[in-house]
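# Secondary and tertiary structure notes
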Amino acid sequence: MKGEILKNYVNGKWIESEAEKTRDVINPANGELLAKTPMSTSSEVNQAIEAAKEAFWKWRTTPAQTRIRYLFDFRDALEENFEELAEITTLEHGKIIDESIGEYRRTIENIEVATSIPTLQMGYNFEDVAAGIDEMLIKQPMGVFFCVAPFNFPAMVPAWFWPYAIATGNTYIVKPSDQCPLTMVKQFEHLNEIGLPKGVINLVHGGAEAVNTLIESPDTIGMSFVGSTKVGKLLYKKCGEAGKRVQVQGGAKNFITVMPDANIERTVPNIITSFLGNAGQRCLAGGVLLVIGEIYEPLKEAILESAQKIKVGDGLDESVQMGPLASEAGMKNVLRFIEKGIDEGADLILDGRAVEVGDKLSNGYFIGPTIFDKVTPDMSIAKDEIFGPVIPIIKVENFDEAIEIINKNPYGNASSIFTSDGKTAREYQYRVNAGNIGINIGVAAPIATFPFSGMKDSFKGDLHGQGKNAVDFFTEEKVVITRWF
Amino acid sequence: MELGTLGSILKYAQELENTLITYSKGVISNSKEPKTCAIFQDLIKKHEKILKRLKRVRHENTTEMILEPIKDFNSNNYSLEELDQQVYSEENILQTMKNIETIIRDFYLIAAEKVSFIAEVSSILEGLAEKHQENMEMF
């Protein structure tokens with residue numbers, strides 16, 4: 001596979017791309033070339049759209065019970081090839097093997113929930129709305145949908161969307177991350193084996209040209225996007241102008257608040273996982289630690305002690321606890337933020353730039369756990385998304401000040417509180433403007449039956465991915481009023 | 001190797017089970033006693049099931065990715081490398097199996113404590129320790 005230009009999967013076949021431009025897919029642990037992503041042309045993307053459009057009517061008229069059987073088969077294929085698939089994700093993304101395993105578990109959960117479509121897609125009805133007249137609501141599929149997937153969860157995020165889309169009777173195009181495409185390529189090899197009708201599910205690689213073609217096509221219905229808020233807002237506007245349904249999950253700056261009555265021993269592992277899991281490249285990652293009162297010093301010391309013990313290295317090494325950043329650009333971005341933190345006057349008490357990973361990994365994109373003390377809310381590291389393993393700590397006077405800091409931030413993806421007091425927790429969940437709230441939970445990741453929520457600049461649209469929200473996004477509601485003479 | 005993560009613990013558990021299976025296959029190949037072969041055939045089946053279970057446990061329980069280091073747990077203390085696994089005389093088989101089962105049982109007991117933060121995994125490991133205790137008593 002090394003250096004190979006990846007193929008698109010269109011109309012049930014793997015097809016070589018005619019693209020002239022490619023993007024290198026790099027193993028971030030050692031800088032080695034894995035493959036090349038073609039920047040598919042508009043013409044190629046239109047072929048995929050055409051294939052999906054052609055496949056729609058037959059697929060839409062296939063009974064739901066038959067449609068979901070393909071998903072059961074695919075779920076089985078993922079379980080049987082679990083470890084190989086997880087290794088591919090670690091190879092191209094860098095996350096440790098346990099993180100890839102965890103990601104695949106979440107992927108499979110979404111597929112399993114989508115097999116509930118025969119229940120989830122039910123409408124409702126009522127007799128005699130007027131004399132001899134009945135009324136019902138049915139939820140119908142609409143056509144061709146697509147997703148623009150991110151690099152940080154290359155297996156799981158597409159599964160927030162496509163299983164529900166095809167289970168409800170739509171057809172689909174996945175535009176995987178051009179940085180981490182191998183994960184979806186591997187999944188599609190298995191999708192190809194399970195024998196879905198041609199055109200029901202397609203994969204096209206690419207960049208801006210591919211995405212614009214998908215949005216501008218009169219034959220696509222809607223887009224699901226996960227990525228930066230900056231790009232998300234642009235695409236959201238474009239989709240609005242093109243009359244598309246759209247859901248945009250954007251960036252985040254997630255505040256974790258620790259109250260004086262928090263259980264330090266149970267809190268610290270959660271904080272470590274939240275800030276450093278996936279090397280901080282998670283839209284649910286802790287972004288800022290707000291610590292209230294006298295717990296500040298002991299908590300800070302405990303976090304420092306734990307973070308110093310984290311072993312950083314190649315994610316395929318079972319003894320490693322944190323992998324590299326997923327790209328050189330990502331690493332440089334984090335390094336810039338560390339510099340800014342120092343320049344703006346924060347106290348760097350653990351410097352991840354000094355991490356030792358050995359000579360074999362000297363070309364990798366490694367930054368170790370990094371901790372800033374004496375951070376203030378106006379600093380860049382306190383306001384902006386870093387997307388790396390950095391823990392900025394702010395000492396806060398009281399609960400209300402914490403809420404004020406959190407709600408002032410333009411992002412609203414997640415927020416967590418650590419406390420032993422139910423009233424405080426209830427107040428937090430009530431007042432904080434973030435979509436995914438954790439109470440003594442560091443990573444507030446909704447399971448597949450719940451929507452992956454988000455607010456403010458972290459989400460644009462009306463319906464989120466996963467669960468019933470996904471079913472509503474991929475169907476139109478039709479009301480039928482009946483009378484028989 | 002330091003076993004600092006849930007994954008590395010479960011992976012090492014699989015290695016131990018594989019060693020036991022490999023030795024059992026060696027016993028069958030070298031033995032002329034049908035009874036001995038039957039015992040070890042059963043043992044292989046049982047431990048192949050355990051292997052599958054361990055893989056599944058890892059796949060199903062890594063949704064909460066715990067980075068907090070698991071401390072003071074080294075695979076060197078539960079190594080099967082030095083056991084005389086190549087000699088298949090009846091005396092040696094018995095002694096080797098007792099040693100193997102003891103080491104693996106002890107590994108699971110300690111592993112269960114180390115991963116007590118995931119209750120389900122902890123009880124599965126305790127259960128596996130019991131299975132190896134039963135094997136040891138049989139030998």
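Definitions and cut-offs
- Residues numbered from 1 in each chain as written.
- Chains lettered and ligands numbered in written order.
- Predicted model: local features only at pLDDT ≥ 70, side-chain atom pairs only at ≥ 80, totals over all residues.
- Heavy atoms only, no water.
- Patch = residues over 30% accessible without salt bridge, like charges linked within 9 Å, V, L, I, M, F, W, Y side chains within 5 Å.
- Areas by Shrake-Rupley, 256 points an atom, 1.4 Å probe, with all protein chains shown as cover.
- Salt bridge = Lys/Arg side-chain N within 4 Å of Asp/Glu carboxyl O.
- Lys, Arg positive; Asp, Glu negative; His and termini not counted.
- Charge placed at Lys NZ, Arg CZ, Asp CG, Glu CD.
- Helix = DSSP H or I, 4+ residues; strand = E, 2+ residues; numbered from the N terminus.
- Phe/Tyr/Trp six-rings, centres within 6.5 Å; stacked < 30°, edge-to-face > 60°.
- Buried < 20%, exposed > 50% of the residue type's maximum accessible area, 1.4 Å probe, protein only.
- Lys NZ or Arg CZ within 6 Å of the ring centre and 35° of its normal.
- pLDDT = per-residue confidence, 0-100.
- Axes fitted to C-alpha atoms, helices over the stretch in contact; angles between N-to-C directions.
- Parallel < 35°, antiparallel > 145°, perpendicular 65-115°, else oblique.
- Left-handed = near helix turned anticlockwise from the far one by under 90°.
- Contact = heavy atoms within 4.5 Å.
- Nonpolar A, V, L, I, M, F, W, Y, C, P; charged D, E, K, R; others polar.

### Notes on a negative patch on the surface
Residues and elements named next belong to chain B. Taken together, the side chains of Glu113, Glu126, Glu130, Glu134 and Glu137 make up a negatively charged region of the molecular surface. A per-element tally of the negative patch places helix 4 (residues 119-138) first, with four residues. Among the structural elements, Glu130 can be located in helix 4.

### Details of the packing of aromatic side chains
By convention here, two paired aromatic rings are described through the distance between centres and the angle between planes. All names here are of chain A. Under the criterion given, the structure shown has 20 aromatic pairs over all chains. Summarising the aromatic geometry, the rings of Trp59 and Tyr70 are spaced 5.8 Å apart at their centres and angled 55 degrees between planes, so their arrangement reads as tilted. With Trp59 in helix 1 (residues 42-60) and Tyr70 in helix 2 (residues 64-80), the pair connects residues that are eleven residues apart, well separated along the chain. In this structure Trp59 comes out as buried when scored by relative accessible area, which is 1%. Above the plane of the ring of Phe153 lies Lys95, whose end atom (NZ or CZ) is 3.9 Å from the centre.

### Digging into the confidence of the model for chain B
When the pLDDT values of chain B are averaged, the result is 88; 96% of them are 70 or greater. The ipTM, which scores confidence in the relative placement of chains, is 0.76 for this predicted complex, and the corresponding pTM is 0.92.

### Notes on the packing of helix 3 (residues 82-93) of chain A against helix 4 (residues 97-114) of chain A
All names here are of chain A. As a packed pair, helix 3 and helix 4 sit with axes 8 Å apart at the nearest point and diverge in direction by 120 degrees. Taken together, helix 3 and helix 4 sit at an angle that is classed as oblique. By crossing handedness, the relation of helix 3 to helix 4 is classed as right-handed. Every residue of helix 4 that contacts helix 3 at Phe82, Leu85, Ala86, Glu87, Thr89 and Thr90 is listed here: Ile97, Ser100, Ile101, Glu103, Tyr104, Arg105 and Ile108. Here the residues of the contact of helix 3 with helix 4 are counted per class, giving seven nonpolar, three polar and three charged.

### With respect to the side chain of B:Asn74
Within the fold, B:Asn74 resides in the loop between helix 2 (34-61) and helix 3 (90-114). A relative accessible area of 17% means that B:Asn74 is categorised as buried.

### Side note on helix 8 (residues 208-216) of chain A
Along helix 8 of chain A, the residues classified as buried are A:Ala210, A:Val211, A:Thr213, A:Leu214 and A:Ile215. Contacts from the buried residues of helix 8 of chain A go to helix 1, strand 8 (144-148), strand 9 (171-175), strand 11 (220-226) and helix 9 (229-242) of chain A.

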